[in-house]
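Chain residues, written in single-letter form:
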Amino acid sequence: MSDRYDFTYFRTELRPPGILWVTLDRPERRNALTPEMHDEIAPLFARIATDREVRVVVLTGAGDKAFCVGADFSGMQDNLDAGAYEDGHPALMHGSVAVVRGQLAVPQPMIAVINGDALGLGATMALFCDITLMADGARIGDPHVKAGLVAGDGGTVLWPLMLGLNRGKEYLFTGDLMTAAEAAGYGLVNHVYPAAELTAEATKLAERIATGPAVAIQFNKRLANADLVDRVNRVLDASLAMEALTFETADHREAVRAFLEKRPPKFGE
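Residues numbered from 1 in each chain as written. Predicted model: local features only at pLDDT ≥ 70, side-chain atom pairs only at ≥ 80, totals over all residues. Heavy atoms only, no water.

Overview of the sheet that holds strand β7 (residues 131-135)
The cut-off we apply is this: When DSSP locates at least two bridges between a pair of strands, those strands are taken to pair. Here a strand is any run of E in DSSP of at least two residues, a helix any run of H or I of at least four, and the numbering for each starts at the N terminus. Interaxial angles span 0 to 180 degrees and are taken between N-to-C directions of axes, which are lines fitted to C-alpha atoms, for helices over the stretch in contact. We call two residues contacting when some pair of their heavy atoms lies within 4.5 Å.
Spatially, the six strands line up as an open sheet ordered β1-β2-β3-β5-β7-β10, and their pairing is mixed. On the outer flanks of this sheet lie β1 (10-15) and β10 (191-193), each paired with one strand and no other. The mean angle between the axes of side-by-side strands here comes to 20°, regardless of whether they run parallel or antiparallel. Alignment of strand β2 (residues 19-24) against strand β3 (residues 56-61), held across six bridges, turns out to be parallel. Within β3, the position partnered with Leu20 by the bridge is Val57. The sheet contacts of helix α1 (residues 35-49) involve β1, β2, β3 and β5 (110-114), and relative to β1 the element is tilted by about 20°.

In structure tokens form, the structure reads like this:
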């Protein structure tokens with residue numbers, strides 16, 4: 001079956017009864033986001049929002065290793081060497097805002113099918129969905145801090161809201177990943193299934209919602225998300241501005257060098 005939309009890094013397939021399966025399609029890099037891939041996200045959400053035939057969206061990753069591991073770390077040294085952050089980070093400040101606000105503007109219910117690790121922006125996109133299903137062997141977390149960065153593209157919005165203030169701060173401070181069982185125990189995800197059953201369970205849930213009363217469901221989503229939208233309005237711009245500042249720090253440069261040299265970073269030296 002051909003793609004519903006014409007995107008390079010996202011496969012889109014409309015299945016009966018109005019279920020749009022969206023797959024991040026870069027499995028050879030664990031669906032890590034390049035700038036080109038990042039640029040497709042907001043237009044993708046905008047296209048979905050206006051598609052009258054779509055009643056439910058299912059978001060997942062290609063392959064069996066990762067949902068999305070966030071930004072492709074291997075390109076960060078090139079950005080530092082090229083002085084890519086010397087112009088005020090317009091891509092970060094505008095593109096990342098567009099991703100978050102674009103996802104929140106999708107009126108149809110969205111189900112995240114976390115088939116493998118969901119890290120950084122990958123975790124953010126999963127958790128901005130309305131319902132999250134997770135494979136039992138997957139992990140989720142926001143390790144921005146391990147790169148010397150603020151979790152500016154949604155992590156500081158979501159983690160304290162969904163985990164409670166102090167537990168959310170703990171995960172933001174440490175960058176630790178949690179297992180599927182831990183995520184379910186904390187209420188971060190709705191359901192955990194064996195990997196072999198995940199797609200079938202997601203299909204069953206999506207079909208149930210897609211055959212429900214669409215207007216009532218979409219209005220319920222809008223009302224339930226009111227506090228989340230308010231938090232985005234209060235926090236997102238400042239968090240991205242602070243993330244932009246941390247790209248200029250010695251700690252971030254050390255994190256990138258340590259990653260490329262395959263050693264633990266030594267911050268503050």
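Here we look at helix α6 (residues 165-174)
Applicable threshold: Burial classes follow relative accessibility: with a 1.4 Å probe on protein chains only, a residue under 20% of its type's maximum area counts as buried, one over 50% as exposed, and anything between as partly exposed. Regarding the arc, it is the one traced by the directions from the helix axis to the C-beta atoms.
Regarding α6, the residues found buried are Gly168, Tyr171 and Leu172. Seen from one end, α6 has its buried residues packed into an arc of 100°, which puts them on one side. In α6, the exposed positions angled more than 90 degrees off the buried face are occupied by Asn166 and Phe173. Elements that come into contact with the buried residues of α6 comprise α5 (155-163) and β9 (178-179). Positive backbone phi, approximately 70°, marks Gly175, located one or two places after α6.

Overview of the pairing of β2
Let me state the cut-off plainly: Orient the strands so they point away from the viewer, and a crossover whose first-strand-to-second-strand path over the helix runs clockwise is right-handed.
Among the six residues that make up β2, six are buried, leaving the element largely enclosed by the rest of the structure. Neither face of β2 is left uncovered, since the one carrying Ile19, Trp21 and Thr23 and the one carrying Leu20, Val22 and Leu24 both have all their residues buried. When β1 meets β2, the two strands line up antiparallel, connected through six bridges. In the strand pairing of β2, Arg15 is matched with Ile19. Between β1 and β2, which pair antiparallel one after the other, the connecting turn spans three residues, and Gly18 there sits at a positive phi close to 90°. With α1 bridging β2 and its parallel neighbour β3, the resulting β-α-β unit is right-handed.

Points about the side chain of Asp153
Here is the rule: His residues and chain termini do not enter the charge count, which takes Lys and Arg as positive and Asp and Glu as negative. Counted as salt bridges are all cases of a side-chain nitrogen of Lys or Arg within 4 Å of a carboxyl oxygen of Asp or Glu.
With respect to the secondary-structure elements, Asp153 resides in the loop between β8 (139-141) and α5. Buried within the structure, Asp153 lacks any salt-bridge partner; Arg231 is the closest side chain of opposite charge, at an N-O distance of 13 Å.

Section: the pattern of salt bridges
Should the charged atoms of two oppositely charged side chains come close, the side chains can pair. Counted by the stated rule, this structure contains 14 salt bridges. Between Arg29 and Asp72 there is a salt bridge, with the nearest N and O atoms lying 2.9 Å from each other. You can see Arg29 sitting in the loop between β2 and α1 and its partner Asp72 sitting in the loop between β4 (66-68) and α2 (76-81), a full 43 residues away along the chain. The exposure class assigned to Asp72 is buried, which follows from its relative accessible area of 11%. With a closest N to O distance of 3.0 Å, Asp130 and Lys221 form a salt bridge. Of this pair, Asp130 sits in the loop between α4 (121-127) and β7 while Lys221 is found in helix α9 (residues 214-224), placing the two residues 91 residues apart along the sequence.

Any functional reading would require information that these geometric values do not contain.
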